[in-house]
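Residue strings, one per chain:
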Amino acid sequence: VFFALFFAVQGLLFSYLYQNGSTTVFAIPFAYPMYLTIFLIPLLTMRTISEDKRQKVDQVLLTAPVTVPAIVLGKFFACLSVYAISISPLLIYQIIVAYFANVNWLLFGYAILGTLLLAATLIACGIFISSLTESTALAAVLTIGANIILMFINSIVSMTGIQWLTKVTDAIGLMDRYAAFADGMFS
């Protein structure tokens with residue numbers, strides 16, 4: 001389901017943006033999947049730990065000769081690998097564009113790195129929320145809410161006009177950081 005939704009949206013976006021060669025804006029192909037990521041990462045993470053708790057599989061995992069950090073890191077890297085596979089069509093699309101126009105591959109690499117770092121952050125948040133409940137649906141809903149807050153907290157707080165709170169939220173907001181990667185700025 002995750003792959004089908006992600007690949008369908010990416011394919012439709014690519015065909016829409018590049019059907020006439022009308023766009024030269026690089027960040028657009030990374031902007032829309034980012035919004036999709038906010039809602040699809042909970043599909044990956046909602047069952048990571050909550051389902052184990054619900055089915056009492058966590059007791060087997062905890063008594064196995066594996067450390068708890070190894071279990072959590074295994075689940076994290078599994079989710080991140082699935083996400084990395086889901087954004088792989090972006091490379092194929094970039095190769096197609098490179099056939100018709102000059103492509104800045106370093107800029108593309110920065111955008112991919114930013115996308116993977118954003119996904120890693122949201123996956124870690126989702127796994128943490130999944131560990132707090134036995135309900136997979138509740139884990140998904142809470143993860144969507146947390147993802148939206150983490151992505152848009154800068155915009156929400158800047159509307160209030162409170163300067164000190166804006167400075168605090170600049171440190172945890174993800175939208176500006178992701179936009180910098182998509183624009184090719186590595187800071």
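Below, the structure is looked at part by part.

## Focus: the overall build of the protein
- Counting secondary structure elements, the protein contains 10 helices and 0 strands.
- Scored against the burial criterion, the 187 residues of the protein give a buried share of 40%.

## What to know about a nonpolar patch on the surface
- A cluster of nonpolar side chains, contributed by Ile92, Ile96, Tyr99 and Phe100, occupies part of the molecular surface with about 510 Å² of accessible area.
- When you line up the elements, isoleucine 92 lands in helix H6 (residues 89–100).

## What about the packing of helix H7 (residues 105–131) against helix H8 (residues 136–158)?
- Contact geometry of H7 with H8 gives a least axis separation of 9 Å together with a crossing angle of 140°. Compared by their axis directions, H7 and H8 come out oblique. Seen along the crossing, H7 lies across H8 with a hand that is right-handed. Only Ala139, Leu142, Thr143, Ala146, Asn147, Leu150 and Met151 of H8 make contact with H7, whose side of the interface consists of Leu118, Leu122, Cys125, Gly126, Ile129 and Ser130.
- Its residues placed into classes, the contact of H7 with H8 shows 9 nonpolar, 4 polar and no charged.

## Some words on the nonpolar core
- Core analysis: the biggest nonpolar cluster contains 31 residues, and Phe6, Met34, Tyr83, Leu118, Ile123 and Met151 have the highest contact counts within it.
- Counting residues per element, the ones that place at least two in this core are helix H1 (2–18), helix H2 (28–45), helix H5 (68–86), H6, H7 and helix H10 (175–182).
- Broken down by element, the residue count for this core peaks at 8 residues, all from H7.
- Aside from chain neighbours lying at most four places away, what touches tyrosine 83 is Phe2, Phe6, Thr37, Ile41, Leu44, Thr115, Leu116, Ala119 and Ile123.

Criteria and cut-off values
Residues numbered from 1 in each chain as written. Predicted model: local features only at pLDDT ≥ 70, side-chain atom pairs only at ≥ 80, totals over all residues. Heavy atoms only, no water. Helix = DSSP H or I, 4+ residues; strand = E, 2+ residues; numbered from the N terminus. Buried < 20%, exposed > 50% of the residue type's maximum accessible area, 1.4 Å probe, protein only. Patch = residues over 30% accessible without salt bridge, like charges linked within 9 Å, V, L, I, M, F, W, Y side chains within 5 Å. Areas by Shrake-Rupley, 256 points an atom, 1.4 Å probe, with all protein chains shown as cover. Salt bridge = Lys/Arg side-chain N within 4 Å of Asp/Glu carboxyl O. Axes fitted to C-alpha atoms, helices over the stretch in contact; angles between N-to-C directions. Parallel < 35°, antiparallel > 145°, perpendicular 65-115°, else oblique. Left-handed = near helix turned anticlockwise from the far one by under 90°. Contact = heavy atoms within 4.5 Å. Nonpolar A, V, L, I, M, F, W, Y, C, P; charged D, E, K, R; others polar. Core = buried A, V, L, I, M, F, W, Y, C linked by side-chain atoms within 4.5 Å.

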